[in-house]
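Structural description and commentary
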Amino acid sequence: MQQSFDLFFASSNSHKYQEAKKILDLFGIKLGFFKSDLEEIQSNSLKDIASKKAKDAFSKCKKPVIIEDDGLFINSLNGFPGPYSSYVFKTIGNKGILDLLKNNRNAKFVSIITYYDKNFLESFDGKLDGTISKYQKGKGWGYDPIFIPKNSKKTFAELNDKNELSHRYKALKKFSNWYLHK
Ligand code: IMP
């Protein structure tokens, strides 16, 4: 039996989709997965990257879509890797980031969720302050083993309630509020 979805999450990253689905379930929104490799423009703006991707995804999926673009911004590296977080993860990875850092380990995760359905193009952000751990801790995807959210001693990878406080949760909460009242 085919399930009916309110909208689709276009991404090649199934971890992000699984988390987004669980979060939107809390708000009563049914999220399908449109697995696709979307072209990413070079830009310093996560919002511009996400908007371009959302239009691209809609042209392929033909259904209302959301796109997420994230960045890990490290203070002592002047915000690097920021919009280049995906490339940096693929090249130097968590070990490379740990090797670059000394005393100041403050960082923030930013999520931009962009919705597109031909009539609306809307973006919502979620920011979460934290620090970069000294070692990789816990098993998780992406930067989860090195990101410690503010007021926690555990990395994202060690937490059970990541989906209740993450940058993704914050952006999707704002999105849901808008989507359910539009
Ligand atoms: P993207 O360009 O939006 O796919 O994300 C930038 C980078 O941040 C990718 O390497 C992602 O795997 C990583 N990333 C985004 N969100 C998270 C998260 O919640 N946990 C761990 N890594 C993440």
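Notes on the structure follow. From a predicted model like this one, the values you see are computed outputs, not experimental measurements. (Residues numbered from 1 in each chain as written. Predicted model: local features only at pLDDT ≥ 70, side-chain atom pairs only at ≥ 80, totals over all residues. Heavy atoms only, no water.)

Lining the immediate environment of the ligand, one finds 15 residues, of which K16, D70, Y143, D144 and K162 sit closest. Here a nitrogen atom of the ligand and a side-chain polar atom of R168 are 2.9 Å apart. Protein chains shield 93% of the accessible area of the ligand, which is 480 Å² for the free molecule. Only strand 3 (65-74), helix 3 (85-91) and helix 5 (167-179) provide two or more residues apiece to the shell around the ligand. (Near = heavy atom within 4 Å. Polar contact = N/O pair within 3.5 Å; in protein donor to acceptor, adjacent residues only side chain to side chain. Areas by Shrake-Rupley, 256 points an atom, 1.4 Å probe, with all protein chains shown as cover. Helix = DSSP H or I, 4+ residues; strand = E, 2+ residues; numbered from the N terminus.)

Taken N-terminus to C-terminus, the directions of helix 1 (residues 14-26) and helix 5 make an angle of 45°; their axes are 10 Å apart at the nearest point. Taken as axis vectors, helix 1 and helix 5 run oblique relative to one another. For the element pair helix 1 and helix 5, the recorded crossing hand is right-handed. Across the interface between the two elements, K16, E19, A20, I23, L24 and L26 from helix 1 touch R168, Y169, L172, F175 and S176 from helix 5. By residue class, the composition of the contact of helix 1 with helix 5 is seven nonpolar, one polar and three charged. (Axes fitted to C-alpha atoms, helices over the stretch in contact; angles between N-to-C directions. Parallel < 35°, antiparallel > 145°, perpendicular 65-115°, else oblique. Left-handed = near helix turned anticlockwise from the far one by under 90°. Contact = heavy atoms within 4.5 Å. Nonpolar A, V, L, I, M, F, W, Y, C, P; charged D, E, K, R; others polar.)

Here F80 and P81 are connected by a cis peptide whose omega angle stands at 0°. Position of P81 relative to the elements: it lies in strand 4 (residues 81-82). Phi is positive for K62, which is not a glycine, with a value near 60°. Relative to the helices and strands, K62 resides in the loop between helix 2 (46-61) and strand 3. Take K62: its relative accessible area is 62%, and that puts it in the exposed class. Not every positive phi belongs to a glycine, and K118 is a case in point at roughly 85°. Inspection of the secondary structure assignment puts K118 in the loop between strand 5 (106-116) and strand 6 (121-132). (Buried < 20%, exposed > 50% of the residue type's maximum accessible area, 1.4 Å probe, protein only.)

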